[in-house]
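Remarks on the overall topology
Chain by chain, the residues:
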Amino acid sequence: MKKGIQGILLMILLWTGLFVSSDVVSAEDGSALKRVQDEGVLVVGTSADFPPFEFYAEVDGERQVVGMDMMIAQKIADDLGVELEIQDIGFDSLLPALEARNVDIVIAGMTPTAERRKSVDFSEIYFKTFQNIMVRAEDEEVYTSLESLKGLPIGVQSGSLQEGLAEQIEDAELMSLTNLSDLLLALKTNRIEAMVMQGPNAEAHAGNDEDLHTFVGAFEMEDDDAGSAVAFRQGEDSLVAAVNESLAEIAEQNLTDEYLAVAGEYMAQSEDSEAEESGFAANYWDYFWDGTSITLLISAVSVLVGLILGFILALMRLSKSLVLKGLATAYVEFVRGTPLLIQVMFIYFASGLVVNLPALAAGIIAVSLNSGAYIAEIIRGGINSVNKGQEEAARSLGMSKKEAMRHIIFPQAVKNIWPALGNEFITIIKESSIVSVIGVGELIFQTRVVRSISFQGILPLFVAMLIYFALTFTLTKLLNFYEGRMNHD
Amino acid sequence: MIKVNHLKKSFGKNVVLKDLNEEVSQGEVVVVIGPSGSGKSTFLRCLNLLEEPTGGEIVFEGTTLTGLKEKEMNQLRQKMGMVFQQFNLFPHKTAKENLTIAPVKSKGVNQMEADNKAVKLLDQVGLGDKADAYPASLSGGQQQRVAIARALAMDPDVMLFDEPTSALDPEMVGEVLKVMKDLAKSGITMIVVTHEMGFAREVADRVLFMDDGYIVEQGTPENIFTQPAHERTQDFLAKVL
């Protein structure tokens, strides 16, 4: 146990080291513009569930993040003379991703609140907006003002400006969710009575869904709160200046109107294709297919790496060396004792400080490292469960420890651990969905995308559920088949 | 062939073997008897170092085993076959594979040769028709006979038997003892821990009586069973005979 504590301390030390060095890195202020120009790429973070500002649409047969903000991003990149790369991340995770250098700037209809200004810098406001209340169409006559919502359950996107504004509704019971689609679903299923939403966004949704009705909310707002701006890491003054130049041009030529018109066409287009074709699944099959492929990729790689890592860790834990044992025990205990969600975010954001690891790679690494710890325990348990007499018999025949492990103990352990290992594989398929928080386009992520572009709350969830079940059920059958083949009893 | 000097073994504070001195010569069949907990099995397991002795030394064919390196120990173990009370057959291998795995993997015998030998040995223990059966489909008596054949497959110089019939149903004891008797006639050195007094009487060249971590008395079966000198031997025999 003492060894275990030492191991954990060691890990904490290593990590602290990581952070200390990161402070040193971020102290080199003003380097972002130079880096962008050197590499010729501007990486923009956004949260693509926010039509008409950022959302998915088909462009020349390819799925892309489009919308007004993305056109502004393109303009900025063009003005800088670099390529544009868009990273779709959950709204909650945008500012952490910015600070961890996973992205250069954030354009996501973000309001420069005083709260946010504490951690990041903002450009000039590029779009003035208003805030709406969204209610069910049937309540159009009932809820007409902020006062009429007194004491009712109100939905807001967590970490958003609207979360703060909703406090102006007297005695409101706030429900904060990351995802707008979830909030809309909550509204339609009567879990909340109204939502506070950014004006144009609310209008986009209400225009696409006859069950919804929206009106402008009479909120008291500071000037800053009434618009969207581009977010930067603190101290990147040269980049801020460059972006402000582009924004000034956009304002001068009134380009936002033009951009919004184009965005509106994309939205209409997705609506049309929906009407044209027969089924929901047919329309959005590509999204689910992409998501399923990525989920399978993450699961397969993680299981494989997890198995190798787990096997090594199990042998370390069973070894006589106290150091190896302590290290492996500390690793297993620590990983099992912390949530996968935090591990995924930690690896993605922490790695952003050192190397630019793509989200998918970071996700796979996190899930692999996590499953390694669980598989290690399964393998260790399996090896321990083999009767001691088996090793004695093997050793009495003159087999070495290694030979006995390889030919006698391990094959029997595999049989013992097979069901538990199968469970772990199934768990990984399901838990890999957590990497959607860092914007990896796996099944849950794509489901969210479909929900936001189809304006459908429940059906995409149902399809995703069926896909997950098909995956895990097939795997279960496959594992049972091999279990049967190993059985000599 | 095996010489034991001042062998001691304790598990924590529990002293199991106190001071054993013994010599077994080539071709001898030695049967070890004594009450439960007297240290018989521990003594046997110390001989091939399945248990690490706490003190004393064991010399096997001129080599001191205690303090030997892992690799040399493995090679010496190949010359000491062991049969366990619980058979300990490898459940994921067929009877034949149980016999061939160690020769092929550890001794470098080629598979064909090992297979041929395995079939012959299974014949010898009366299980020629069970070569492809998995242990789970065999009776206890059959499993123990396979286990004996498995130990013989390594061509050992000495066979150690650790209560080989204690876990068997009574009707199966006979078939295992018969195999052991045949083996004894073949001239191989055997050390047998058992409660089968009939077997001891009939087959042993020498009987050791152990109690409380010591070899209390030893002699020919005749001597031990008809004129035990020691009071503890008399007590024990009175209970079991």
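Values in this document were obtained by computation on a predicted structure and should not be read as measured data.

Examining the interface of chain B and chain A
Between chain B and chain A, the contact holds 25 residues from the first and 19 residues from the second. In total, about 2000 Å² of surface goes out of reach between chain B and chain A, with carbon and sulfur atoms giving 59% of it. Considering only the side of chain B, the residues that lose the most area to chain A are Phe-90, His-92 and Lys-105 of chain B, jointly responsible for 25% of the buried surface there. One can count two salt bridges joining chain B with chain A. With its nearest N and O atoms 2.5 Å apart, the salt bridge here joins Glu-392 of chain A to Arg-45 of chain B. In this structure, the connection of chain B to chain A is made through seven residue pairs in polar contact (both at pLDDT 80 or more). Elements that contribute at least two residues to the side of chain B that touches chain A include exactly helix 2 (70-77), strand 6 (80-83), helix 3 (95-107) and helix 5 (140-152) of chain B. The element best represented in the side of chain B that touches chain A is helix 3 of chain B, accounting for four residues. Tallied by class, residues from the side of chain B that touches chain A come to 13 nonpolar, six polar and six charged.

Describing the nonpolar core
When a protein is soluble and globular, its nonpolar side chains tend to lie buried together. In terms of nonpolar packing, the biggest core is built from 67 residues, with Tyr-56, Val-106, Met-110, Ala-231 and Phe-288 of chain A touching the most fellow members. Elements with a minimum of two residues in this core: helix 4 (94-99), strand 12 (227-232), helix 11 (280-318), helix 13 (340-354), helix 14 (359-385), helix 16 (401-431), helix 17 (443-454) and helix 18 (459-486) of chain A. Tallying contributions element by element places helix 16 of chain A first for this core, with 10 residues. When residues of this core are assigned to domains, at least three fall in each of domain 1 (2-124 + 229-276) and domain 3 (281-488) of chain A. Setting aside anything within four residues of it in sequence, one finds Met-110 of chain A in contact with Phe-91, Leu-94, Leu-95, Arg-116, Phe-122, Gly-227, Ser-228, Ala-229 and Ala-231 of chain A. Counting 49 residues, the second-largest nonpolar core is a separate cluster that includes Leu-121, Ala-133, Leu-152 and Phe-225 of chain B.

Brief notes about the domain arrangement of chain A
All names here are of chain A. With domains assigned, chain A is organised as domain 1 (2-124 + 229-276), domain 2 (131-226) and domain 3 (281-488). With 14 residues of domain 1 in contact, the opposing surface of domain 2 contributes 17 residues. Contact between domain 1 and domain 2 buries roughly 1300 Å² in total, counting both sides, with carbon and sulfur atoms accounting for 50%. Taken together, the links from domain 1 to domain 2 amount to three residue pairs in polar contact (both at pLDDT 80 or more). Contributions of two or more residues to the side of domain 1 that touches domain 2 are made by helix 5 (114-117) and helix 10 (255-276). Classifying every residue of the side of domain 1 that touches domain 2 gives seven nonpolar, two polar and five charged.

What about a nonpolar patch on the surface?
All names here are of chain A. A cluster of nonpolar side chains, namely Leu-459, Phe-462, Met-465 and Leu-466, defines an oily patch on the protein surface of about 380 Å² accessible area. Within the secondary structure, Leu-459 sits in helix 18. Exposure remark for Leu-459: the relative accessible area of 32% places this residue in the partly exposed category.

Points about the sheet that holds strand 9 (residues 206-211) of chain B
The strands that make up a sheet are held in pairs by hydrogen bonds between backbone atoms, and each pair lies either parallel or antiparallel. Residues and elements named next belong to chain B. Read from one edge to the other, the open sheet built from six strands follows the order 6-7-8-3-9-10, with strand pairing classed as mixed. Each edge of the open sheet is held by one strand with a lone partner, namely strand 6 and strand 10 (214-219). Strand-to-strand twist across the sheet, computed as the mean angle between neighbouring axes with direction ignored, equals 20°. Where strand 3 (residues 29-33) and strand 8 (residues 189-193) come together, four bridges link them in parallel fashion. Within strand 8, the position partnered with Val-31 by the bridge is Val-192. Running over the sheet, helix 5 touches strand 6 and strand 7 (158-162) and is turned about 170° from strand 6.

Topic: the sheet that holds strand 5 (residues 63-64) of chain B
Residue and element names in this part refer to chain B. Read from one edge of the open sheet, four strands run 2-1-4-5, paired in antiparallel fashion. Sheet topology places strand 2 (14-24) and strand 5 at the edges, where each strand pairs with a single neighbour. As judged from the five bridges shared by strand 1 (residues 2-11) and strand 4 (residues 55-60), these two strands associate in the antiparallel manner. Counterpart to Lys-8 in the pairing with strand 4 is Gly-55.

How each quantity is defined
- Residues numbered from 1 in each chain as written.
- Chains lettered and ligands numbered in written order.
- Predicted model: local features only at pLDDT ≥ 70, side-chain atom pairs only at ≥ 80, totals over all residues.
- Heavy atoms only, no water.
- Contact = heavy atoms within 4.5 Å.
- Buried area = accessible area lost by both parts, 1.4 Å probe.
- Salt bridge = Lys/Arg side-chain N within 4 Å of Asp/Glu carboxyl O.
- Polar contact = N/O pair within 3.5 Å; in protein donor to acceptor, adjacent residues only side chain to side chain.
- Helix = DSSP H or I, 4+ residues; strand = E, 2+ residues; numbered from the N terminus.
- Nonpolar A, V, L, I, M, F, W, Y, C, P; charged D, E, K, R; others polar.
- Core = buried A, V, L, I, M, F, W, Y, C linked by side-chain atoms within 4.5 Å.
- Buried < 20%, exposed > 50% of the residue type's maximum accessible area, 1.4 Å probe, protein only.
- Domains from an automatic or database assignment.
- Patch = residues over 30% accessible without salt bridge, like charges linked within 9 Å, V, L, I, M, F, W, Y side chains within 5 Å.
- Areas by Shrake-Rupley, 256 points an atom, 1.4 Å probe, with all protein chains shown as cover.
- Pairing = 2+ DSSP bridges.
- Axes fitted to C-alpha atoms, helices over the stretch in contact; angles between N-to-C directions.

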